[in-house]
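Structural overview
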Amino acid sequence: MKLAVLTGAGISAESGVPTFRGSSGLWKTFKPEELATPEAFKNDPKLVWEWYDWRRAIINKAEPNKGHLLIAKLEDLFEDFLLITQNVDGLHQKAGSKKVVELHGNIWRVLCTACGRRYYDYRVPLEEIPPRCKHCKGLLRPDVVWFGESLPQEEWETAIKFVKSCSILLVVGTSGVVYPAAQLPLLAKQGGAKLVEINPEDTPISEIADIMIKKKASEGIEEFIKLL
Ligand SMILES: NC(=O)c1ccc[n+]([C@@H]2O[C@H](COP(=O)([O-])OP(=O)(O)OC[C@H]3O[C@@H](n4cnc5c(N)ncnc54)[C@H](O)[C@@H]3O)[C@@H](O)[C@H]2O)c1
Ligand SMILES: [Zn+2]
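Notes on the structure follow. None of the values given here were measured: they were computed from a predicted structure.

1. Section: the coordination of the zinc ion (ligand 2)
Only Cys-112 (SG), Cys-115 (SG), Cys-133 (SG) and Cys-136 (SG) from the protein reach the zinc ion (ligand 2) as donors, at distances of 2.3 to 2.4 Å. In this structure, the zinc ion (ligand 2) is surrounded by four donor atoms whose angles at the metal cover 98 to 116 degrees, and the resulting shape is tetrahedral. Here the donor residues for the zinc ion (ligand 2) map to a single chain with the spacing C-x2-C-x17-C-x2-C. Here the residue Cys-112 occupies a position in strand β4 (residues 105–112), and Cys-136 occupies one in the loop between β5 (118–120) and β6 (140–144), the gap between them amounting to 24 residues. Overall, the relative accessible area of 3% leaves Cys-112 in the buried class.

2. Focus: helix α6 (residues 153–164)
In an α-helix, one turn spans 3.6 residues, which is why side chains three or four residues apart end up on the same side. Between the first and last C-alpha of α6 there are 16 Å, a value that for 12 residues agrees with the 16 Å anticipated at 1.5 Å per step. All of the buried residues in α6 are Trp-156, Ala-159, Ile-160, Phe-162 and Val-163. Those residues of α6 hidden inside the fold are in contact with β1 (2–7), β2 (80–85), β7 (168–172) and α7 (184–190).

3. Observations concerning the sheet that holds β5
The three strands are arranged β5-β4-β6 in an open sheet whose pairing can be described as antiparallel. Among the strands making up the open sheet, the edge pair consists of β5 and β6. Strand after strand, the sheet turns through a mean of 40 degrees between neighbouring axes, direction not considered. Bridge count between β4 and β5: three bridges; the pairing is antiparallel. From the neighbouring strand, Leu-111 faces β5, where its bridge partner is Arg-118.

4. Thoughts on unusual backbone geometry
The residue after Val-124, namely Pro-125, is reached through a cis peptide bond having omega -10 degrees. Its place among the elements puts Pro-125 in the loop between β5 and β6. In this chain, Tyr-179 is followed by Pro-180 through a cis amide linkage whose omega measures 0 degrees. Mapped onto the elements, Pro-180 comes out in the loop between β7 and α7. Positive phi values are uncommon outside glycine, yet Lys-28 reaches one of about 50 degrees. Mapping Lys-28 onto the fold places it in the loop between β1 and α1 (32–35). By relative accessible area, Lys-28 is classed as exposed at 60%.

5. A short note on the pairing of β2
Burial runs high along β2: five of the six residues are buried. Where β1 meets β2, six bridges bridge the pair, whose relative direction is parallel. What sits directly across from Ala-4, in β2, is Leu-82. Pairing geometry for β2 and strand β3 (residues 100–102), over three bridges, is parallel. Pairing of Leu-83 across the sheet is with Val-100, part of β3.

6. Structural notes on the sheet that holds β2
On the basis of which strands lie adjacent, the open sheet formed by six strands has the order β3-β2-β1-β7-β8-β9 and parallel pairing. Unpaired on one side and paired on the other, β3 and β9 (211–213) mark the two borders of the sheet. Looking at each pair of strands side by side, their axes are set apart by 15 degrees on average, direction ignored. As paired strands, β1 and β7 are joined by five bridges and run parallel to one another. Note on β7: the bridge partner recorded for Thr-7 is Val-172. Most of the contacts of helix α4 (residues 66–77) go to β2, to which it runs at about 150 degrees, and overall it touches β1, β2 and β7. Seen against the sheet, α6 touches β1, β2, β3 and β7 and runs at an angle of roughly 135 degrees to β2.

7. Brief notes about the site of ligand 1
Near ligand 1, the surroundings consist of 25 residues, among which Arg-21, Gln-86, Asp-89, His-104 and Ser-175 are the closest. One nitrogen or oxygen atom from the main chain of Ala-217 is found 2.8 Å from a nitrogen atom belonging to ligand 1. Protein chains bury 91% of the 850 Å² of accessible surface belonging to ligand 1 in isolation. Looking at the shell around ligand 1, its residues break down into nine nonpolar, 11 polar and five charged.

Cut-offs used in this document
Residues numbered from 1 in each chain as written. Chains lettered and ligands numbered in written order. Predicted model: local features only at pLDDT ≥ 70, side-chain atom pairs only at ≥ 80, totals over all residues. Heavy atoms only, no water. Donors = N, O, S within 2.8 Å, 3.2 Å for Na, K, Ca; no water. Tetrahedral: all angles 85-135°; square planar, octahedral: opposite > 155°, others 65-115°. Helix = DSSP H or I, 4+ residues; strand = E, 2+ residues; numbered from the N terminus. Buried < 20%, exposed > 50% of the residue type's maximum accessible area, 1.4 Å probe, protein only. Expected span 1.5 Å × (residues − 1). Contact = heavy atoms within 4.5 Å. Pairing = 2+ DSSP bridges. Axes fitted to C-alpha atoms, helices over the stretch in contact; angles between N-to-C directions. Near = heavy atom within 4 Å. Polar contact = N/O pair within 3.5 Å; in protein donor to acceptor, adjacent residues only side chain to side chain. Areas by Shrake-Rupley, 256 points an atom, 1.4 Å probe, with all protein chains shown as cover. Nonpolar A, V, L, I, M, F, W, Y, C, P; charged D, E, K, R; others polar.

So this is what it looks like as structure tokens:
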């Protein structure tokens, strides 16, 4: 049995990290869709970095919840396992997950727009906004994937290859509207996998799911483990 797990912002909701689409996703008067774009960063890097500084502070205080911990345990139950996350918060790794592919980057990593170097920077709050590269003083950006940008190629290829040949794809806490990640459930079905979804709300994925567990992530994953 080959298990793939795809997670979205919903898995971290119980850790107190706001999702994008819930009402708690708003910062000041801005919607995430207005800030998580290359255009927003070009127009006002300071504003975008202030938002990231706020999000980093929330994530810094958050601990992995039962859902993250149970997913880390699933990795031991299945010889062939891959966790594909759209989250940038690093909470899966903090919970002990090792076989993780980050499709949308990591909020603790910065990318220099001048020299192209990437490195981790865990400072909260940042000393200067926008922050500057420690190597060349160039303007840094968060090393995350914004709306309209393509996914890191190696991660995406790893995810596709695994999902196409898995026996089960477990999808947890994703709205299923952010492409291309939202393509993965369909690819899994086409490859013959059983699709299990955990989400308190219906999503476009629900229509093609074999099993829908309409619960919060922690309770839903517990139920999934019992079904195995
Ligand atoms: N924690 C994070 O790293 C974080 C937080 C917000 C957004 N994001 C980014 O935002 C993008 C948005 O897409 P998305 O689909 O991941 O998130 P989303 O915000 O679009 O959707 C969140 C989904 O989680 C569900 N949900 C809410 N509470 C839940 C719970 N307790 N248990 C299970 N499900 C719950 C909602 O019904 C919704 O379908 C992603 O690319 C991701 O990188 C990441
Ligand atoms: Zn640099």
